[in-house]
Protein chains: 4
Amino acid sequence: MNRRLRLGMVGGGQGAFIGAVHRLAARLDDCYELVAGALSSDPARAAASASDLRLDPARSYGDYREMARAEAARDDGIDVVAIVTPNHLHAAVATAFLEAGIHVICDKPLAISLAEGEAMAALARRKQRLFALTYTYSGYPMVRHARELVANGELGDLRYIQVEYLQDWLAEPVESTGNKQAGWRTDPALAGPAGCLGDIGTHAYHLACFVTGLTPSELAAETHTFVPGRQVDDHVQAMLRYPNGARGLLVASQIASGEENALNLRVHGTRASLRFSQESPNELWFTPQGGETTRLTRGRVEGAAAAHATRVPAGHPEGYLEAFAQLYRDAALQITAQQTNTPPPSESLALTTVDDGVAGLRFIDAVLASQAGGNAWIKL
Amino acid sequence: MNRRLRLGMVGGGQGAFIGAVHRLAARLDDCYELVAGALSSDPARAAASASDLRLDPARSYGDYREMARAEAARDDGIDVVAIVTPNHLHAAVATAFLEAGIHVICDKPLAISLAEGEAMAALARRKQRLFALTYTYSGYPMVRHARELVANGELGDLRYIQVEYLQDWLAEPVESTGNKQAGWRTDPALAGPAGCLGDIGTHAYHLACFVTGLTPSELAAETHTFVPGRQVDDHVQAMLRYPNGARGLLVASQIASGEENALNLRVHGTRASLRFSQESPNELWFTPQGGETTRLTRGRVEGAAAAHATRVPAGHPEGYLEAFAQLYRDAALQITAQQTNTPPPSESLALTTVDDGVAGLRFIDAVLASQAGGNAWIKL
Amino acid sequence: MNRRLRLGMVGGGQGAFIGAVHRLAARLDDCYELVAGALSSDPARAAASASDLRLDPARSYGDYREMARAEAARDDGIDVVAIVTPNHLHAAVATAFLEAGIHVICDKPLAISLAEGEAMAALARRKQRLFALTYTYSGYPMVRHARELVANGELGDLRYIQVEYLQDWLAEPVESTGNKQAGWRTDPALAGPAGCLGDIGTHAYHLACFVTGLTPSELAAETHTFVPGRQVDDHVQAMLRYPNGARGLLVASQIASGEENALNLRVHGTRASLRFSQESPNELWFTPQGGETTRLTRGRVEGAAAAHATRVPAGHPEGYLEAFAQLYRDAALQITAQQTNTPPPSESLALTTVDDGVAGLRFIDAVLASQAGGNAWIKL
Amino acid sequence: MNRRLRLGMVGGGQGAFIGAVHRLAARLDDCYELVAGALSSDPARAAASASDLRLDPARSYGDYREMARAEAARDDGIDVVAIVTPNHLHAAVATAFLEAGIHVICDKPLAISLAEGEAMAALARRKQRLFALTYTYSGYPMVRHARELVANGELGDLRYIQVEYLQDWLAEPVESTGNKQAGWRTDPALAGPAGCLGDIGTHAYHLACFVTGLTPSELAAETHTFVPGRQVDDHVQAMLRYPNGARGLLVASQIASGEENALNLRVHGTRASLRFSQESPNELWFTPQGGETTRLTRGRVEGAAAAHATRVPAGHPEGYLEAFAQLYRDAALQITAQQTNTPPPSESLALTTVDDGVAGLRFIDAVLASQAGGNAWIKL
């Protein structure tokens, strides 16, 4: 993988949070070179942001459509674009770049409607382009290892799956006091109809699906808005049923006082159980039925999945940025493989894609339908 | 409190588990003297058990009705009876002793039907006798402290309540291989129609109610039996709504592979949150909204509720038996107060009673009704 | 073991701490009946304390010598005496009861000089009486299990042993503000020349010896007094060498701000290591060389040593009082065995005795000699 | 800081560990561009490594002296060199680049003798060049915060300092079975006379000094070699005395079975204590005297020192690479400030330098002197 891939970015100008994270992630493993951007819809901010990032001014675009066209026309045009705009623009931007034959790495959620999402998935398939979706937490080595343990049957038949994602930063109406991150996330026009549900509920849902390899068949859910005046939900909880008979609970809350970023998963099977907490991502707790708990650690545990996603030895903690970088690294491995007509390393196929995004949108739709129907059971 | 109360016991003969725990609990704080018993329905076992416990043979009874009559007639008759039979006998035994004017300490669940439970509550009120119900976990100092924090408004208005009680000892069909504890608990004739729901679901429900001071107004629940051939549920989960708008989740499972006795509670309010895990009962985690988590510890934390339930200094762990003993001590304090026409210490009023038992039976009924009605929402 | 042993107590009157703990411990497993006492050197307090404890006034003695004589003369005299006076009286009291042929359970430290201690050990041997010494922490099931793991070779050859015992309650000069517990512990006339060293340093030392089965051959130590005006040390640290080449560190401190009762042990061998923390006594962490850590738990772990010291199932925490009670239970098993000319259960032989006390006094002497000699290396 | 600094590297060719870590660290915050290298003393490996890293072949040097000369002569020559060779070469390489007027970032330990180290410190001062030394663990936000807490007096006067650094990867003679990392570290010709002492003992020593702001005045130490045939120590322990009367313990071991990278610090002062564990670097435990413990977290805790070293919000874990990158970022801030004649951000001055390296060499010398002198007390 000796050539760095040429990366463009849409969104992520000055003041943005997740754009900077994407750039860190792209840089960490040295697989990408950021060469173009449409960093802001505000031209002055776009230009200033491009200068900060040392972009060639000629490749700092005021409009993402222009960028897609121009980059597709260059011999040294970008290989892949990172989309880090607010949610409501994901579909349009991704469409423009896919149509131009450019690979896509998109922040989640994929889109603000299931129809949009399905159209993108179809387009990506038709254009044979990679469409990576950054479900960050799937990049953790111990999450990859958990998935491998389940896939290898170490847990037996799964019976109970519990996932929770708790934050407290929206416990008060901070969107009305100038918090930019809160502002767009609680505005249905920018974030879609799902608030907490779309922002972190989908992460929780994805993590459970990713690790277990199971998709629920039915759910009964409730969304709720605790903060007066807020236009979207800030809490969601659901009961889940799985095709194999397993049961599950999911809760995501952004009003969970005192919580930072508590994404926690537990999975119980007939043979064993496991627990993972995102805030302590270098460990995974594994307990055989009737037995004692072992703390599995990144770097020490055996298995190709974790090894593939690990940079430094056991006892040297890796974190969120490394997990994010793993998605970029897996995308680079897949894109390079396509460009060189070679098979990608099989471990890189754990990368989350537009299909995971569609599943997330389907989950959102089901929750909203359950809520609209008196919290009734809905087939997924 | 210089006279030890005279204690009788029904059930708890050789081979029983919870009877021995009750006796340890009664002994710990030296408030009781075990003087009489109907320890087994099997006369030989009853006699042998009485001998083990050094009871006067004249006060080892073959029948609880006879015991109630005989003890009530003695000048030195028992003050209080501990009922540790299988669930289906609780009501009949308690009724016999209440009618005889004898105070009752009963293992949970109170009864196998709500009607039975309500009748007992009414009888206890009419006879003006204490009817303590051993919701053991309410005896932990840090649970008492959590309740005090909530009552004092330290958490603000409650928003999200999550309680889970996970065990793994019924993950396999051990009732069919001679496990006596499993046997009666999974036999509807002895344990009632609720399996896991009645055995530990009620503990989870009670803990959440006890700490928050809130009773849910509605629930949607699902019970499930994972182990083939089992006649009662071994897993239950529910979504809860509270009168003040709070939301909750409850799960109790006896097939949660790898879990010992994981009764965990978290409560989030507008001002702060708290977490308690029964397996680490000497600590309570408290986090203000937006702030840092503090580990409150038994013996070091301030507050009358925890101090009342504490025997040894901070850093000297207390456990399950001490929590159980606390219920016995509180019962002794209340009985002695009644006997001496003095007010009991106010902290002893935290003792759980027949009314908590009725609430538990109401919860069981609601869950079963929800299950029968397609897991619909049911008013409590 | 159907007869309760008749127990007497010297010390432990109103206001005492450890006497009440001994009584709780004696009561828990129902092997003892407290029937006699010389509870205080102050006659009024002795009588009032005896009344609180419902002793026959005829068996409440004003003087321990009188008690030893009188009880030895009775047909129903005490089997065993618990000595819970300040340290400087242990030797005289124990001597009186041993001479009278009465078994002894003595709080630690054994005595205030090695000579006294050795004399008692010799006397106990000569009189063939049990002399139990309450090194409480050796009664924890997981400490017993740790010892069994080492003895079974699970750790291989031991290489590094680290023990720490940290408290903060003497970080300020509380002895000068009326704290009774602090008062006698910091008065060399009552506690002996070793302060923190004798009070908790000996516990740390014993725990390391008990678990590893090793006694250091040499040490270099330093004692220090941080609190101005204090007459004894409040901090001690030492480097240790063992006969097999292992190295060790020991620290005990009563000025360790923020610590409650942090007695922590780690042992590293060629094959594996283990860690134990007294404040979480239901678990033991075991890690094979190069491998992953497993949390062994009381009630779930296999092994006769832990099972012998366990009362309730896994996940139902036991604590300090149960550990203390274990020593009483083991003493009862040994005394009863002697009385009935039967071998005691082999697991009861883990009980700590006067010989452990002598080893502790030898440790104190070595530390004081090292300190006096410029913190030089001293042979033990 | 809009220009990336031009970075060269000496050492770190194919197969090396720490060189890759330095490159990741340099890349993360986008302050550096790697443009030159003398990556291996083996010319073929040097060239291949340079190609892997996409260096201009003209700037891939076979010899570090040539590189220093050539780069100093270029208009676009490197601003700074990263030295990641085995220890015995640090001094010669650093000298060559300092003499050429090039800033230095050097892996630790600084050198293999105190004299060498002091000469380098003097040279750096004379040439007015930055000489950063990568004591990685000082780059963690919570370590920076701990230091700030102590400096602000939040702990009061320090009394007891305990630091341990435990690993297990040298518990067996892996250097004789081809482990390259073990090979040079246990070869006195390459690593110097100190094994574990130099490799990780110095990290432990530095962490304690960095956080407390105190340097011990005296120590008594013991080194030991557990693995037969090994030429350097694999275990070191020491008692420490500080100028203010504080006492300390230090242990570093590479034969501590089961340990990954357990660098743990506790500091007790008159007002409060703190605890830090490198394996959980996003948290710091703070306990006031007599009070309850609070978990301070990266991203949520207040204070300029932690904020300066933080990239992502609370609950999004950072790790070892971010800590390493912080040193690179602080070096870039200081170099850029010098180049632009502006004061560097004050928080960047926490960067560890050649002076910390000299202190570490002084510690090594004192330990070796104590060991040679029968483990006597040595003034530092």
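Residues numbered from 1 in each chain as written. Chains lettered and ligands numbered in written order. Predicted model: local features only at pLDDT ≥ 70, side-chain atom pairs only at ≥ 80, totals over all residues. Heavy atoms only, no water.

J.: So what about the sheet that holds strand 5 (residues 131-133) of chain C? Which residues, and what values?
T.: Residue and element names in this part refer to chain C. Pairing within the open sheet is parallel, and its 5 strands lie in the order 2-1-3-4-5. A strand with exactly one partner marks an edge of an open sheet, and here the two such strands are strand 2 (32-38) and strand 5. Along the sheet, successive strands turn relative to each other by an average axial angle of 25°, direction set aside. Relative to strand 4 (residues 103-106), strand 3 (residues 80-83) runs parallel, the two sharing 4 bridges. (Pairing = 2+ DSSP bridges. Helix = DSSP H or I, 4+ residues; strand = E, 2+ residues; numbered from the N terminus. Axes fitted to C-alpha atoms, helices over the stretch in contact; angles between N-to-C directions.)

J.: Explain the relation of the copies chain A and chain C to me, using residue names and the numbers behind them.
T.: With an RMSD of 0.1 Å, the fit of chain A onto chain C corresponds to turning through 180° and sliding 0.0 Å along the axis. Within this description, the copies of the chain are treated as partners about a two-fold rotation axis. Minimal C-alpha distance to the rotation axis in chain A is attained by threonine 294 of chain A, lying at 2.1 Å. In this assembly, 100% of the residues forming the interface of chain A have copies in chain C that are likewise at the interface, indicating an isologous arrangement. (Least-squares fit on C-alpha atoms with pLDDT ≥ 70 in both. Contact = heavy atoms within 4.5 Å.)

J.: Describe helix 2 (residues 43-52) of chain C, and please don't skip the residues or the numbers.
T.: All names here are of chain C. Burial in helix 2 covers these residues: Ala46, Ser49 and Ala50. Down the axis of helix 2, the sector holding all buried residues measures 100°, keeping them to one side. At the N-terminal boundary of helix 2, the capping side chain belongs to aspartate 42, with an oxygen 3.0 Å from the backbone nitrogen of alanine 44. Phi for arginine 54, located one or two positions after helix 2, is positive at around 60°. (Buried < 20%, exposed > 50% of the residue type's maximum accessible area, 1.4 Å probe, protein only. Arc of directions from axis to C-beta. Polar contact = N/O pair within 3.5 Å; in protein donor to acceptor, adjacent residues only side chain to side chain.)

J.: So what's going on with the interface of chain A and chain C? Residues and values would help.
T.: It is common to give the size of an interface as the accessible area lost on bringing the parts into contact. Contacts between the two partners involve 11 residues from chain A, matched on the other side by 11 residues from chain C. Each partner contributes to the roughly 890 Å² buried at the junction of chain A and chain C, and carbon and sulfur atoms together form 44% of this total. Counting across the interface, chain A meets chain C through 0 salt bridges. Viewed at the interface, chain C and chain A are joined by 9 residue pairs in polar contact (both at pLDDT 80 or more). (Buried area = accessible area lost by both parts, 1.4 Å probe. Salt bridge = Lys/Arg side-chain N within 4 Å of Asp/Glu carboxyl O.)

J.: Give a detailed account of the packing of helix 5 (residues 114-127) of chain A against helix 12 (residues 354-372) of chain A, specifying residues and quantitative values.
T.: All names here are of chain A. It is the contact of helix 5 with helix 12, at a shortest axis distance of 9 Å, that shows an interaxial angle of 165°. As the angle between them shows, helix 5 and helix 12 are arranged roughly antiparallel. Read as a crossing pair, helix 5 and helix 12 show a hand that is left-handed. For the pair helix 5 and helix 12, the contacting residues are Leu114, Gly117, Glu118, Met120, Ala121 and Arg125 in the first and Val354, Asp355, Val358, Leu361, Arg362 and Asp365 in the second. When grouped by side-chain class, the residues that make up the contact of helix 5 with helix 12 number 6 nonpolar, 1 polar and 5 charged. (Parallel < 35°, antiparallel > 145°, perpendicular 65-115°, else oblique. Left-handed = near helix turned anticlockwise from the far one by under 90°. Nonpolar A, V, L, I, M, F, W, Y, C, P; charged D, E, K, R; others polar.)

J.: Any details on the interface of chain D and chain C? Residues and values, ideally.
T.: At the interface, 48 residues of chain D touch 48 residues of chain C. Around 3,600 Å² of area is buried between chain D and chain C when both sides are counted, 47% of it from carbon and sulfur atoms. Sorting the residues of chain D by area buried against chain C places Arg159, Met239 and Ser257 of chain D first, and these three jointly supply 18% of that buried surface. Seen at the junction of chain D and chain C, the total is 8 salt bridges. With a shortest N-O distance of 2.9 Å, arginine 247 of chain C and glutamate 222 of chain D are connected by a salt bridge.

J.: Could you give me a rundown of the nonpolar core, with the residues and numbers involved?
T.: Ranked by internal contacts, the top residues of the largest apolar core, which has 230 residues, are Tyr32, Phe97 and Phe131 of chain A together with Tyr32, Phe97 and Phe131 of chain D. Residues in contact with phenylalanine 97 of chain D, not counting those within four places in the same chain, are Val10, Tyr64, Met67, Ala68, Ile78, Val81, Ile102 and Val104 of chain D. Counting 229 residues, the second largest nonpolar core, distinct from the first, contains Ala350 of chain B together with Val143, Val267 and Phe363 of chain C. (Core = buried A, V, L, I, M, F, W, Y, C linked by side-chain atoms within 4.5 Å.)

J.: Which residues make up the relation of the copies chain D and chain C, and what are the values?
T.: Turning one copy of the chain about an axis and sliding it along that axis gives the other copy, so a rotation and a shift relate them. At an RMSD of 0.0 Å, chain D and chain C line up after a rotation of 180° and a shift of 0.0 Å along the axis. Comparing contact sets, 98% of the residues at the interface of chain D also lie at the interface in chain C, consistent with an isologous, same-surface contact.

J.: Would you mind going over the domain arrangement of chain A in detail, with residue names and values included?
T.: Residues and elements named next belong to chain A. The assigned domain composition of chain A is domain 1 (5-129) and domain 2 (139-312 + 358-379). Each of domain 1 and domain 2 has a C-alpha centre, and the two are 27 Å apart. Taken together, the contact pairs 20 residues of domain 1 with 17 residues of domain 2. Counting each side, the surface lost to burial between domain 1 and domain 2 is near 1,400 Å², with a carbon and sulfur contribution of 58%. Among the ionic pairs, glutamate 118 bridges to arginine 362, the shortest N-O distance being 3.0 Å. There are 6 residue pairs in polar contact (both at pLDDT 80 or more) connecting domain 1 and domain 2. If you tally residues by element for the side of domain 1 that touches domain 2, the top one is helix 5, at 4 residues. (Domains from an automatic or database assignment.)

J.: Which residues make up the side chain of asparagine 264 of chain C, and what values go with them?
T.: Relative to the helices and strands, asparagine 264 of chain C resides in strand 10 (residues 262-269). Exposure remark for asparagine 264 of chain C: the relative accessible area of 17% places this residue in the buried category. Polar side-chain contacts of asparagine 264 of chain C include one of 3.0 Å to the side chain of serine 277 of chain C. Not counting residues up to four positions away in its chain, the partners in contact with asparagine 264 of chain C are Gln162, Val163, Glu164, Phe276, Ser277 and Gln278 of chain C together with Arg266 of chain D.

J.: Give me the lowdown on empty space enclosed by the protein, citing residues and values where you can.
T.: In this approach a probe as big as a water molecule rolls over the atoms, and the regions it shows empty are the leftover space. In the structure shown here, the tally under the stated rule is 8 cavities of 30 Å³ or more. For the second largest cavity, the calculated volume is near 70 Å³. Asn282, Arg295, Thr297, Arg298, Ala314, Gly315, His316 and Pro317 of chain A together with Glu260 and Glu279 of chain D together form the lining of the second largest cavity. The class makeup of the residues in the lining of the second largest cavity is 2 nonpolar, 4 polar and 4 charged. (1 Å grid on protein atoms, 1.4 Å probe; cavity = no way out; pocket = protein on both sides within 12 Å on 5 of 7 lines; lining within 4 Å. Points joined across faces, edges and corners; volume = space filled by probe spheres on them.)

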